[in-house]
Amino acid sequence: MEAFLSFLPLLCLLLMMYPYPSSSLPMCTNFRAPVIGKGSLAFCPYKGRVCCDSAKDSALQREFEAMDISDPNCASAIKSILCANAAQNLPNLLSWGLFNLQTCDQFSANLFTVESQSRSVPVLCDSPKSVDSALLKQSEISFCTSVWDTCQNVSMRNSPFAPSLQGAGGLPQNTSSKLTDLWQSRNDFCTAFGGPPDETTVCFNGRPILMNSTQIPVPPRGMCLEKLGDKGYINMAAHPDGSDRAFFSDLPGKIWLTTIPSHGSREPLGLDESSPFVDLTDQVKFDTVFGLMGIAFHPTFNENGRFFASFNCDKEKSSTCSGRCGCNSDVGCDPSKITSSGREEHPCQYHNVVAEYTVNGTASDPTKILFGPADGYLYIMVGDGGGTNGPFGFAQNKKSLLGKIMRVDVDTVPKEVDDLNLWGNYSIPPDNPYSEDKELLPEIWALGLRNPWRCSFDSKRSSYFLCTDVGQDRYEEIDVITKGGNYGWSIYEGHLPVNTQQSSKGNRSDTTTDLIFPAMGYNHYDVNKKEGSAAISGGYFYRSTTDPCMYGSYLYADLYATALWAAAETPTNSGNFTTTSIPFSCARDSPLECNSVPNTNLAALGYIYSFGEDNKKDVYILASTGVYRVVRPSRCNYSCTKENATQVETPRTSSPSSSGTHLTSQCVEFVLYVSLILVLVGHML
């Protein structure tokens with residue numbers, strides 16, 4: 001495999017991202033998660049999870065008083081708007097014609113529609129009628145109209161409604177003005193500042209955003225599966241050309257390309273094991289915890305042919321396996337003092353590689369290191385290096401890349417990369433958390449993770465970035481990943497405190513008040529009372545039309561394959577989930593024989609390694625006994641009132657035959673380079 005000799009190593013991706021918000025998931029305008037405040041704010045009527053603190057609350061009160069609004073009704077409306085806004089250093093920012101938004105409302109990222117532009121005020125509800133949705137009903141008269149009617153002839157200093165904040169000419173600082181001085185009519189005013197609520201977005205109606213909690217989710221009755229393949233794969237990636245083709249890879253290091261059969265065809269995958277798309281087995285260190293962990297396509301793969309592979313290598317056996325060790329003086333770690341517990345390996349013998357490959361010729365190739373669907377950056381999930389209770393404290397150490405999610409730009413490689421002390425050939429996105437916290441390594445997007453195993457973005461809402469994090473011996477968790485989020489390990493395992501004295505205290509996150517606890521999960525012994533859980537695996541939001549009763553649920557499972565869950569967000573867009581364990585059975589007309597667990601109707605999956613998703617958003621389970629696809633519930637006699645049992649399956653688009661397709665010509669380019677301590681990895685699961 002001479003073509004692969006030019007790679008260089010990256011982070012320990014022993015188990016295998018995040019864009020701008022596009023829905024009302026609780027999120028602040030700086031893309032961080034809201035935190036639980038220390039009591040109620042003195043000025044703004046917010047409590048619980050908020051996006052501002054008492055200092056900003058006090059500063060906001062002073063700014064409000066300086067506006068000198070004489071009419072009490074108008075003053076009340078403006079106060080509510082500013083509390084949702086809570087801009088820092090309001091007068092100076094007004095004079096610049098922009099706002100550095102630091103808001104109080106936990107849904108402020110959506111209120112200020114930050115993905116398209118910075119706003120001086122939140123989106124004011126402008127709906128003439130009540131709206132029945134996941135949000136509370138809006139008033140009969142829109143809030144935007146109410147603000148106009150109440151304040152149109154009231155003078156105020158430093159008005160947040162100045163046209164300069166919408167890109168027009170500016171007003172001098174400390175100038176008093178009325179709405180009628182700035183806008184010709186209510187229609188102009190509400191066109192600029194208003195917007196209607198709907199099922200996926202929020203607007204501000206004068207009160208803190210709350211969600212309608214009366215919804216009662218109806219979980220699916222069960223999951224019906226058909227068996228398409230006999231081999232156990234660990235990765236699946238839909239072909240980025242939008243066709244019916246997909247890539248599958250195994251842990252030893254082979255990747256195959258095949259065509260997904262149509263629903264109802266009763267055909268198996270037809271994958272030719274003898275003709276892999278690419279074979280990395282001579283480069284990959286393979287055993288139960290090492291191997292080819294992920295594959296990912298560049299967002300513009302069809303134009304540039306770039307794809308990435310993440311795998312482990314052994315520097316004792318490969319001269320090209322080299323790099324920096326994650327145990328170093330920067331994180332207060334001495335490799336010579338790490339014992340191997342009787343193992344022959346020594347610290348940093350094993351490295352993790354993220355190598356880039358460029359396909360020459362036609363674009364016909366493979367994911368699972370993840371690219372953000374909205375920002376195009378590469379997200380890399382990294383375990384904490386192992387050991388009971390995270391003995392070195394890497395996950396909380398801001399100078400270590402272990403126990404983190406990284407976010408890097410592989411399209412822009414600075415000439416001075418060596419001078420920047422980066423771990424590889426990439427650049428740092430300018431809005432990474434280090435821009436606000438210089439103690440963080442610039443690659444870090446989120447921290448406090450133990451062993452993240454499979455992450456995904458919701459294909460309908462790119463702000464929903466969920467990762468399953470394998471627990472130690474008590475709790476398996478799923479986290480909603482946000483910018484700079486700290487998910488607690490090794491201070492907490494899930495929501496349970498970890499009793500440990502960590503040896504690596506330098507640059508450690510010194511606050512536990514802003515920890516983000518799991519969105520969902522399960523206790524280790526809920527799965528098997530005798531043996532406990534093996535490891536959690538995610539997981540996708542189900543967005544296929546094949547099973548309409550499953551639509552919108554987040555699916556995840558345990559490695560032992562005796563438990564599988566569907567999580568419904570209740571209410572919609574709230575970030576709160578209700579989980580239900582659901583049965584899973586074999587379709588009576590499965591293309592390949594699909595066995596059941598003795599004395600049950602459960603499909604005999606063996607071990608669930610991972611999940612996959614194709615271009616039609618059908619979801620697959622990658623298990624030790626084969627590849628399974630979620631199909632219509634009626635094929636397993638599960639009832640679903642939304643299903644038309646006689647529905648005709650949508651024909652799949654044609655694609656070139658994948659028979660015999662393999663990577664015959666490629667060049668290898670060094671992209672990322674990080675080597676981490678992996679000798680403890682064997683103790684992680």
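Residues numbered from 1 in each chain as written. Predicted model: local features only at pLDDT ≥ 70, side-chain atom pairs only at ≥ 80, totals over all residues. Heavy atoms only, no water.

Put simply, the rule reads: UniProt positions are given in the numbering used here, feature names are shortened, and annotations may be inferred rather than shown by experiment.
The name given to the chain in an unreviewed UniProt entry is Glucose/Sorbosone dehydrogenase, and the organism recorded there is Cynara cardunculus var. scolymus. UniProt's Sequence similarities (unreviewed entry) comment on the chain is quoted here verbatim: "Belongs to the PQQ oxidoreductase GdhB family." The heading Subcellular location (unreviewed entry) in the UniProt record of the chain holds the text "Cell membrane".

Things to note about the state of the cysteines
Under the convention used in this document: In this description, the term disulfide denotes a pair of cysteine sulfurs within 2.5 Å. Only DSSP runs of H or I covering at least 4 residues are called helices, and only runs of E covering at least 2 are called strands; the numbering of each starts at the N terminus. To sort residues, take the accessible area from a 1.4 Å probe on protein chains only and compare it with the maximum for the residue type: under 20% means buried, over 50% means exposed, and anything in between is partly exposed.
Using the criterion set out here, one finds 8 disulfides in the structure. In this model, Cys74 is linked to Cys151 through a disulfide, with the two sulfur atoms separated by 2.1 Å. The S-S bond linking Cys74 to Cys151 shows a torsion near 120 degrees; that makes this disulfide right-handed. Of this pair, Cys74 sits in helix α2 (residues 72-85) while Cys151 sits in helix α5 (residues 143-151), and the two are 77 residues apart along the sequence. For the pair formed by Cys74 and Cys151, the shared burial category is buried. Covalent S-S linkage joins Cys549 and Cys640, the inter-sulfur distance amounting to 2.0 Å.

A word on the nonpolar core
We apply this condition: The set of buried Ala, Val, Leu, Ile, Met, Phe, Trp, Tyr and Cys residues whose side-chain atoms join them within 4.5 Å is what this entry labels a nonpolar core. Contacts: residue pairs with any heavy atoms within 4.5 Å of one another.
Counting 40 residues, the largest nonpolar core has Tyr46, Ile69, Ile78, Ile81, Leu124, Phe161 and Phe189 as its most contacted members. The set of elements that each furnish at least two residues to this core consists of α1 (54-66), α2, β4 (124-125), α5, α6 (179-182) and α7 (186-193). Beyond its immediate chain neighbours, meaning those up to four positions away, Phe189 contacts Leu124, Cys144, Val147, Trp148, Phe161, Leu179, Trp183 and Gly194.

Structural notes on the sheet that holds strand β30 (residues 584-586)
Let me state the cut-off plainly: Any two strands with at least two DSSP bridges between them are considered paired. Here an angle of 0 to 180 degrees is reported between the N-to-C directions of two axes, which are lines fitted to C-alpha atoms, with helices fitted over the stretch in contact.
Read from one edge of the open sheet, 5 strands run β30-β8-β33-β32-β31, paired in mixed fashion. Pairing within the sheet leaves two strands with one partner each, and these edge strands are β30 and β31 (608-613). Put simply, the sheet's adjacent strands are angled 35 degrees from each other on average, direction ignored. As paired strands, strand β32 (residues 619-623) and strand β33 (residues 626-631) are joined by 4 bridges and run antiparallel to one another. What sits directly across from Tyr620, in β33, is Arg629.

Looking at the pairing of strand β21 (residues 465-469)
A large share of β21 lies buried, amounting to 5 of its 5 residues. In terms of strand pairing, strand β20 (residues 452-457) meets β21 through 4 bridges, oriented antiparallel. Looking across to β21, one finds that Phe457 is bridged to Phe465. The pairing of β21 with strand β22 (residues 475-480) spans 4 bridges and is classified as antiparallel. Across the sheet, residue Leu466 finds its bridge partner in β22, namely Val480.

A few points about α1
Worth spelling out the cut-off: Expected span, for any helix, means 1.5 Å times one less than how many residues it has. Note that the arc is defined by the directions from the helix axis to the C-beta atoms. Whenever a nitrogen or oxygen atom comes within 3.5 Å of another N or O atom, the pair is scored as a polar contact, on the condition that within protein one atom can donate a hydrogen and the other can accept it, and that pairs from neighbouring residues in sequence are kept only if both atoms are in side chains.
With 13 residues, α1 should cover 18 Å at 1.5 Å per step; its first-to-last C-alpha distance of 19 Å lies within 8% of that length. Residues of α1 that are buried: Asp57, Leu60, Glu63 and Phe64. Looking straight down α1, one finds that the buried residues subtend no more than 120 degrees of arc, so they occupy a single side. With respect to the buried face of α1, the exposed residues turned more than 90 degrees away are Ser54, Ala55, Arg62 and Glu65. By the N-cap criterion, in which a side-chain oxygen at the helix start approaches the backbone nitrogen of a residue two or three places on, α1 is capped by Asp53, the distance to Ala55 being 3.3 Å. Phi for Asp68, located one or two positions after α1, is positive at around 55 degrees.

Quick look at the sheet that holds strand β12 (residues 278-279)
The sheet built from 4 strands is open, its strands ordered β9-β10-β11-β12 with antiparallel pairing. Each end of this open sheet is capped by a strand with a single partner; those strands are β9 (235-238) and β12. In this sheet, β12 lies alongside strand β11 (residues 254-259) in antiparallel orientation, the contact comprising 2 bridges. Counterpart to Lys254 in the pairing with β12 is Asp279.

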